[in-house]
Structure formats: C-alpha cells, structure tokens
Amino acid sequence: MSTTAAPFTATILGSPRIGPNRELKRAVEKYWAGRIDRAELAAVAATLRRDTWESLVAAGLDSVPVNTFSYYDQVLDTAVLVGALPQRVAGVADELDRYFAAARGNDAIAPLEMTKWFDTNYHYIVPEIGPDTAFSLNPAKVVGELDEAVAQGVPARPVFVGPITFLALAKAVDGADTPITRLDELVGVYAELLELLADRGVPWVQLDEPVLVTDGLQNAAELAERTYARLGGRAKRPAIFVSTYFGELTDSLPALARTPVEAIGVDLVAGNSSAVAAAPELADKLVVAGVVDGRNVWRTDLEKALGTLAALAGSAEAVAVSTSCSTLHVPYTLDAEHDIDAALRSWLAFGFEKVTEVVALSRGLRDGREAIGAEIAASDAAIASRKADPRLNNAAVRGRISEIVASGAQRGPADQRRAAQQDRLNLPALPTTTIGSYPQTTAIRVARAELRSGKIDAAEYERRMKAEIADVIKLQEELGLDVLVHGEPERNDMVQYFAEQLDGFFATQNGWVQSYGSRCVRPPILYGDVARPKPMTVDWITYAQSLTDKPVKGMLTGPVTILAWSFVRDDQPLAETAAQVALAIRDETVDLESAGIAIIQVDEPALRELLPLRSKDKEPYLRWAVDAFRLSTSGVADSTQIHTHLCYSEFGEVIGAIAELDADVTSIEAARSHMEVLGDLNAVGFSNSVGPGVYDIHSPRVPGIEEMATSLREALEAVPAERLWVNPDCGLKTRSTDEVTASLQNLVAAAEEVRAG
Ligand code: GLN
Ligand code: ZN
C-alpha cells in the first residue's frame, strides 16, 4: 500500500442515522413545523452521531464511518458537497433551509425528484445537472462532523458517494449532456476534497461506488480506472478505500485493482468471492470483505464467513472484515424487540448485532478459529435451530403449490373474460374508480392509537373503522364513481397489514428503517413458510359491498410487493417464497369471490423495485414475478375481474412483464409522464384494459376538469374507449378529504365530458 496509513481490520460501511427511537425523524419534523429551532435540531443530531460512534468504538471497530449522518439523504449531501444544488433553491439564504427546500420544495420551489437507491426501498434525492452547474467544494458538513469525531477520539473514516456513482444517479436538466460527461471536472473537486482531508490528518477516506455493480453505465470499468488512477495519483491525500456493494463488480474489480487506491470493498454476500480470489492485481491491496449481510436481518454463519475470509487472505495484502453495505437498511438493534420467540431471535442480527459479528470475525481471522469458538458455536446452534424449525417447512403449502402449478394456473382467454365480466358488471364506457386508500383521517389515527394503548377494545375499533368505510362509500356514491373501494382505513400499511395475519411473518415492534427523509418503515420479517390461517379482508370488503349497489373492489397486495417490502428469508430462492405468498393471496381472492365480490385488485407497485441490477438476472426475475402474480390471480372465474396497480417508477424495463401479468385492468401512474406509458404498453402488444392515472396524487393541487379531459382524449389516441378506465395515479391516503372530494368531482366530470364526445 502506497500511503502510510495502517490498514484497518474491522469496520462497517455506514450505519442507521434516524435514531434508535426515531429521534431524528421527530426533531426534523418539529423543525419543519417551526416547533423547535435550529440549535435544538442540531443538538439532537450531534447526540445521535456521538452515541453511534461511541457504540461502534466500544464494540471494537478500528475504523469508524463518519459523514454518514444525514438530515435527509446522502446523495443530496453530496450535491451540497460539490456545489451542485439547482439554481432555483439558491435564493433560500439559510444553508439548512436551502437543503430542505431542495429535498421537499416549498410554496415557491419544486423539490428535486426522489427515486429508489439501487434495488432497495431507500429513496435518494436525484441531483440535477444543468449546463450551468458549476462544481465547487463545500466541505462544511464533513469538516464539522470530523471535528466532533476527532474530539471524541474516534478512528474516523469519512464516507462520501463517489464521483462516478454521483453522476450516474444524477439527471440532466435544461438540455445538458448526460451528467457522466462531467466526470473529469467533478473528479477535480474530489481531488481538492482529498487534499483538505489530508491536511486535517485523516488517514482513510471511503468513496462509495455502488454503480459499478450495475449495468447502468457503459464503460463503467474504464471510468473507474481513469477516475481512481487520477485520484490515487494525487500526492496529498488520505489512503483511499473504494467501496462497492449490492452486487458483483465483474470487470470493474481488476480495473479498480490496477489503480493506486489502497483498499477495495466487495460485497461477498452478493457474490464476488471467486473474482477476488482470481485477481492477482489485488496482491498489494486491502480487501474490505463484506461478509456480514448489511441489508437483511439474518444472523451470519460465522463458520462459513470465516472460511470465505481465509480464502481471500491469499489473494490480498490484507483483509478487513465488514458488512456488505451500510447497515442503514436494517433496524438498530434486536434489543428493542421484546415480543419475539427465542428461536426466531437467535436467527437474527440487526445493525448492532452485525457490528459484533464483524468484530468477532476479524478476531477469528487474526487469532484463529479457536479464538471465537464460542461465537461460532452460538452461530452454528442458531443455524441448526433454523433448519430444524417446523415453521420453515409446511408440507401442505408446498404440496398445494406444486399441484396448482402442475395443473397450469391459467385463466381463460382475455376476450372471453372481458365478455363474461361485461355481462356481470355492465359498466359504462370509461368507468371511473380510485386506487384503494382514502384519506387517513384524524379519527383513524386516533382509533389506532387508542387500540394500541388499550383505551378501546377490538370491537370498538372495528365499529369505528366501519364508520369510516360507510363515510367513504357514501362519498363515492355522491361523487358518482362507477367502481367503489372501501378506503383501506383498517390498514396501517399495505404490506404489514397482511404480514400480521399470515403465518411465516414476524412484525417487529421497533424495527424502523429509513425509507426517505424523515419517513421510516417497519418491514416485516418473512422467516418461514407462508400460510393463511383465515380470510384477511373478506369481512371489511363485504361490509363495504353491503352498503351499495355499485361494485366494490376487493383490495390485496401482490406477492412481489410483499417480498420487496419485507426482510425475506435467505435459505431458499425468492421465487419459492414468492409462490407461497402468492398462494395465500390466491386463497383470499377465492374467498372474496365466494362472498360475492366481482372485482379484485392485486397491487404490485414494487414490481420494478426488485428488478436485478445486472442484465443477465433480469429475465429470470421477471419470469418468477409474473408467475407469482398469475398464481395469485388465476383461482377465480373468468367473470371475476382482476385489477392490478403499479406506480413509483420508470416502467421501461418491466413494461413487457406488466403486459404478461395479464390483469383484466391495470391502473398505472401516468400523469407526470403524460400518458407515454400507453404507447409503451401498445408496443409490447398489451390489449387488456388500462387506467392511466389522470392526476398526480402526490401534489395537493386540485386538477381541473379540462386538464383531465385533455389527458383522457390523449389516452384515447392510444387506447380505444372500451379498454380505457379513469382513475388517479395512486391511492389517496396522503391527501385531505377536501382535496380528494374536489379532485374526484372533477375527475367524474371529465369522464362524463369525454364520454359525451
Ligand atoms: N391500494 C393501495 C392504496 O391505494 C396502493 C398503494 C400503492 O400503490 N402504493 O393505497
Ligand atoms: Zn400507487
């Protein structure tokens, strides 16, 4: 290694930052609401950083990531670092408020876009690079956090999103060239940053380049080699650790290894071990071996991980033990779970437990297997208990899946279904409907809180939810919508609601994970074979249907989305787990149908999210995803209409799969992309019905009749009237009842106007 920094031996790539009790979420939201001032917010943030570092040092890490704290998002932090915030926020004088304006917008400023971070459910802010974006170094945040860490005696290693990944994730605006064309210029700013860190005596810097494990960039390996040859060639700099995660590096691994950087991080949970073993260029590098899964919750097989580490020791100058990625994606600690059976607990490791695994493995690597004999024995016992647990092997479920799959799991041809459904439903042309949820009213929130605290019992809760359903049905009848929904008041979350009722899932009490900004989610843990002890939605839906003569849609979450928003077992292929979830959903559709429900929607908003990062893996994924959806929806008669709903994404790469889902009606986000998705669907031969969203529910703005009528006329150029539905972009739960009422009034009026010709 060319710099004088000593190699470290045990680290993690980043950690959760929202606070063990979501302290940062609360503080930031209070600050936004004007209820606390800047100083109070800053104090909460500083305390969280201090506590995090303290626990990482105490656990035994000898290099600790800093600058991984964020008030909102690390990509937005990087935009600030390199001076790449858009012009439109420049007028906000205060630095922190400017940052929040970029993230969230305000009355006068549109926010930056937000999208998913690789194949996770974390969302980052998409930087905008225009022709006038002039990069310049703005290191205040990292300098401040470094000062704190150094004062605390922490072996600090500042972490940044690397220049290639930053530009690959950015979006060109105002006619600028694709951002990656600005790489050389941006690398100049990073060079300045390295110099500043060297001046401050920083021994190691971590530059995250996860984009190198995707096929999203042409000539990624070449860009990596050029960039890190240049940064590595700087005279005045800390030792450089280029970290990658979420997948296999392929040709970027030897490319990085040919540069003068001192350390390379590889995700060994996602693969890479044979590539590392076969790369002679690594002989003078520190390999930071991500053997502890940073994004899932399973306890590490220490014996196996130690074997992997030992095998690497021959190919590298030194090996450090690490998590595969930042533990941002898992909850803080298992200690916060009080209601979990001993067996399940023994199978799990959350953020803090992963740190102790890393430390144990680094000790084992240094001092030999015997030095961690006790830890290995505990890990072996947990693995044996998991293998033997009957909850992981439900023969009835497995048998039924094979039977259904063997018998074909097919519905009738689409035109036969269409005719049978039209006979049964007798809907007008351009039927109007909504996506499922209605506003989460205060009454709903209060009822949920009172149920949790024991102030009301289940019967009272049910009574209040039914009152909400009755209100929503009445509202929809008054509005004149054609296909109604029950409004989903009883659902805390579209995945957790089902997870709580299915065998094989564990819903955590405190397993919060940052999804974006101050928003956190609590993904359930899918640990065993999935089975449905009893119907989950039938009572609510039939109650709603009893209040109206219009059809009420049954509302379910699809198997892919349930997997995407859970921590999923890692002991069998995802496809098998998806089929089990699909079977439970299928049973629910059959029960809804038997109860007289004529339309059932199976939502798959996360279809795009699970799409693998490497091209070769995409087709097999889409195959099983489509199969799971079809398994879940093929148990009903041709006269029962199956809907699906998709949103939150660029559909480009999954458009063929959307067609293959073969839902009778697909509602899909389209308002922001101006109906383009309809042409794309036509291009792949899609010929079922479609409801392109005619207004964007993410904005409080009430859309006018004329603008929605115009959208519908545009849609009619791509889709004939008998196949076109009219609906918003997504569910309405984040909006107010006033906004929803006004918007839907206009939506119905727009549909009537266009029907009239
Ligand atoms: N049915 C769900 C709802 O309306 C769909 C949510 C989603 O697409 N994410 O809330
Ligand atoms: Zn949606």
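Residues numbered from 1 in each chain as written. Chains lettered and ligands numbered in written order. Predicted model: local features only at pLDDT ≥ 70, side-chain atom pairs only at ≥ 80, totals over all residues. Heavy atoms only, no water.

Undergrad: Looking at this model, I keep getting lost on the overall build of the protein chain. Mind explaining?
TA: Counting secondary structure elements, the protein chain contains 27 helices and 21 strands. Taken against the 2.2 N^0.38 rule, which gives 27 Å for 757 residues, the C-alpha radius of gyration of the protein chain at 27 Å falls within 12% of a compact globule. Here the protein chain, with 757 residues, has 59% of them falling under the buried criterion. In the protein chain, once contacts between residues fewer than 6 apart in sequence are set aside, the share between residues at least 24 apart is 77%. One finds the centroid of the 72 positive side-chain charges in the protein chain at a distance of 2 Å from the centroid of its 106 negative side-chain charges. (Helix = DSSP H or I, 4+ residues; strand = E, 2+ residues; numbered from the N terminus. Rg over C-alpha atoms; globule rule 2.2 N^0.38 Å. Buried < 20%, exposed > 50% of the residue type's maximum accessible area, 1.4 Å probe, protein only. Contact = heavy atoms within 4.5 Å. Lys, Arg positive; Asp, Glu negative; His and termini not counted. Charge placed at Lys NZ, Arg CZ, Asp CG, Glu CD.)

Undergrad: Quick question: what am I supposed to make of the coordination of the zinc ion (ligand 2) here?
TA: By definition of the ideal shapes, four donors in a tetrahedron about a metal sit 109.5 degrees apart, and six donors in an octahedron sit 90 or 180 degrees apart. Coordination of the zinc ion (ligand 2) by the protein comes from His-645 (NE2), Cys-647 (SG) and Cys-730 (SG), over a distance range of 2.0 to 2.3 Å. Each of the 4 donor atoms around the zinc ion (ligand 2) contributes to a set of angles spanning 93 to 127°, which defines the coordination as tetrahedral. Counting gaps between the donor residues of the zinc ion (ligand 2) yields the pattern H-x1-C-x82-C. With His-645 in strand E19 (residues 641-646) and Cys-730 in the loop between helix H26 (705-718) and helix H27 (737-756), the pair connects residues that are 85 residues apart, well separated along the chain. According to the relative accessible area criterion, Cys-730 is buried, its value standing at 10%. (Donors = N, O, S within 2.8 Å, 3.2 Å for Na, K, Ca; no water. Tetrahedral: all angles 85-135°; square planar, octahedral: opposite > 155°, others 65-115°.)

Undergrad: Got a minute to help me understand the UniProt feature "active site" (unreviewed entry) in the protein chain in this structure?
TA: Per the UniProt annotation, the sites labelled "active site" (unreviewed entry) are His-698. Structurally, the position occupied by His-698 is in the loop between strand E21 (689-692) and H26. We classify His-698 as partly exposed; its relative accessible area is 38%. (UniProt positions renumbered as here; feature names shortened; annotations may be inferred.)

Undergrad: Just to check I follow, could you spell out the side chain of Asp-664 for this structure?
TA: Within the fold, Asp-664 resides in the loop between helix H24 (655-661) and strand E20 (665-668). With relative accessibility at 7%, the residue Asp-664 sits in the buried group. At 3.0 Å, the side chain of Asp-664 and the side chain of Gln-421 are in polar contact. Leave out the neighbours within four places in its chain, and Asp-664 touches Arg-411, Arg-417, Gln-421, Thr-640, Gln-641, Ile-642, Asn-688 and Ser-689. (Polar contact = N/O pair within 3.5 Å; in protein donor to acceptor, adjacent residues only side chain to side chain.)

Undergrad: It is not clear to me how helix H7 (residues 183-199) should be interpreted in this structure. Could you clarify?
TA: In an α-helix, one turn spans 3.6 residues; hence positions three or four apart end up facing the same way. Relative to the 24 Å expected for 17 residues at 1.5 Å per residue, H7 spans 24 Å between its end C-alpha atoms, a close match to the ideal helical length. For H7, the set of buried residues is Leu-183, Leu-186, Val-187, Val-189, Tyr-190, Ala-191, Leu-193, Leu-194 and Leu-197. Once H7 finishes, Gly-201 follows within two positions and takes phi at roughly 80°, a positive value. (Expected span 1.5 Å × (residues − 1).)

Undergrad: For this particular structure, what's the right way to read the environment of Leu-427?
TA: The topology assignment puts Leu-427 in the loop between helix H16 (414-425) and helix H17 (442-452). Note on Leu-427: relative accessible area 13%, which makes it buried. Along the sequence, Leu-427 and Glu-653 sit 226 residues apart, while their C-alpha atoms lie 33 Å from each other.

Undergrad: Would you take a moment to explain the sheet that holds strand E8 (residues 239-243) for this structure?
TA: Within a sheet, neighbouring strands are paired by backbone hydrogen bonds and run either parallel or antiparallel to one another. Taken in spatial order, the 7 strands line up as E1-E5-E7-E8-E9-E10-E11 in an open sheet, and their pairing is parallel. The open sheet has two edge strands, strand E1 (64-66) and strand E11 (318-323), and neither has a second partner. Adjacent strand axes in the sheet meet at a mean angle of 30°, parallel and antiparallel pairs treated alike. As paired strands, E8 and strand E9 (residues 263-267) are joined by 3 bridges and run parallel to one another. (Pairing = 2+ DSSP bridges. Axes fitted to C-alpha atoms, helices over the stretch in contact; angles between N-to-C directions.)

Undergrad: I'm lost on the environment of Thr-323 in this one. Help?
TA: In this fold, Thr-323 is placed in strand E11. Its relative accessible area of 1% is what places Thr-323 among the buried residues. The sequence separation of Thr-323 and Val-626 amounts to 303 residues, and the corresponding C-alpha distance is 32 Å. Aside from chain neighbours lying at most four places away, what touches Thr-323 is Thr-11, Ile-12, Leu-13, Gly-290, Val-292, Gly-294, Lys-354 and Val-358. At a separation of 3.4 Å, a polar atom in the side chain of Thr-323 contacts the main-chain amide nitrogen of Leu-13.

Undergrad: I would appreciate a short explanation of unusual backbone geometry in the present structure.
TA: Trans peptide bonds make up the majority, and among non-glycine residues the majority have a negative phi. The backbone of Asn-67 sits at a positive phi, close to 70°, despite the residue not being glycine. Even without being glycine, Asn-219 reaches a positive phi, approximately 40°. Residue placement: Asn-219 occurs in the loop between strand E7 (204-208) and helix H8 (220-232).

Undergrad: Explain the packing of helix H11 (residues 302-313) against helix H13 (residues 351-367) to me, please; I cannot follow it from the model alone.
TA: The packing of two helices is summarised by the inter-axis angle and the distance between the axes. Direction vectors running N to C along H11 and H13 enclose 50°, while the axes themselves pass 10 Å from each other. Judged by the inter-axis angle, H11 sits oblique to H13. The interaxial crossing formed by H11 with H13 has right-handed handedness. Residues Leu-302, Ala-305, Leu-306, Leu-309 and Ala-310 of H11 touch H13, and the partners they reach there are Glu-357, Leu-361, Gly-364 and Leu-365. Per-class residue counts for the contact of H11 with H13 are 7 nonpolar, 1 polar and 1 charged. (Parallel < 35°, antiparallel > 145°, perpendicular 65-115°, else oblique. Left-handed = near helix turned anticlockwise from the far one by under 90°. Nonpolar A, V, L, I, M, F, W, Y, C, P; charged D, E, K, R; others polar.)

Undergrad: Can you walk me through the sheet that holds strand E17 (residues 567-568) in this structure?
TA: If you trace the 3 strands from one edge of the open sheet to the other, you get E12-E15-E17, paired in mixed fashion. Of all the strands in the sheet, the pair left with one neighbour each is strand E12 (503-506) and E17. The strands that helix H22 (residues 574-594) touches are E12, strand E15 (525-531) and E17; relative to E15, the one it contacts most, it runs at about 55°.

Undergrad: Would you explain the pattern of salt bridges in this entry?
TA: When the charged atoms of two side chains lie near each other, side chains of opposite charge can form a pair. Throughout the structure, instances matching the rule amount to 54 salt bridges. When the shortest N-O distance is used, the salt bridge between Arg-701 and Glu-707 registers 2.9 Å. In this structure, a network of salt bridges that share partners links the residues Arg-49, Asp-77, Lys-141, Glu-145 and Glu-148. (Salt bridge = Lys/Arg side-chain N within 4 Å of Asp/Glu carboxyl O.)

Undergrad: What is the right way to look at the UniProt feature "binding site: Zn(2+)" (unreviewed entry) in the protein chain in this model?
TA: Here, the residues flagged by UniProt with the feature "binding site: Zn(2+)" (unreviewed entry) are His-645, Cys-647, Glu-669 and Cys-730. Sequence-wise these annotated residues cover 86 residues; spatially they are packed, their C-alpha atoms never more than 8.4 Å apart. Dropping the residues within four chain positions of it, His-645 is found in contact with Ile-435, Gln-601, Val-602, Asp-603, Glu-604, Pro-605, Ser-667, Ile-668, Asp-729 and Cys-730. Mapped onto the secondary structure, Glu-669 falls in the loop between E20 and helix H25 (676-683). Look past the residues within four positions of Glu-669 in its chain and what remains in contact with it is Leu-646, Cys-647, Tyr-648, Ser-649, Phe-651, Val-677 and Asp-729.

Undergrad: Looking at this structure, how should I read the site of ligand 1?
TA: If you check the shell around ligand 1, you find 13 residues, and the closest are Ser-437, Glu-488, Asp-603, His-645 and Gly-731. One of the backbone N or O atoms of Ile-435 is found 3.2 Å from a nitrogen atom in ligand 1. Relative to its unbound accessible area of 290 Å², ligand 1 is 97% covered by the protein chains. When grouped by side-chain class, the residues that make up the shell around ligand 1 number 7 nonpolar, 4 polar and 2 charged. (Near = heavy atom within 4 Å. Areas by Shrake-Rupley, 256 points an atom, 1.4 Å probe, with all protein chains shown as cover.)

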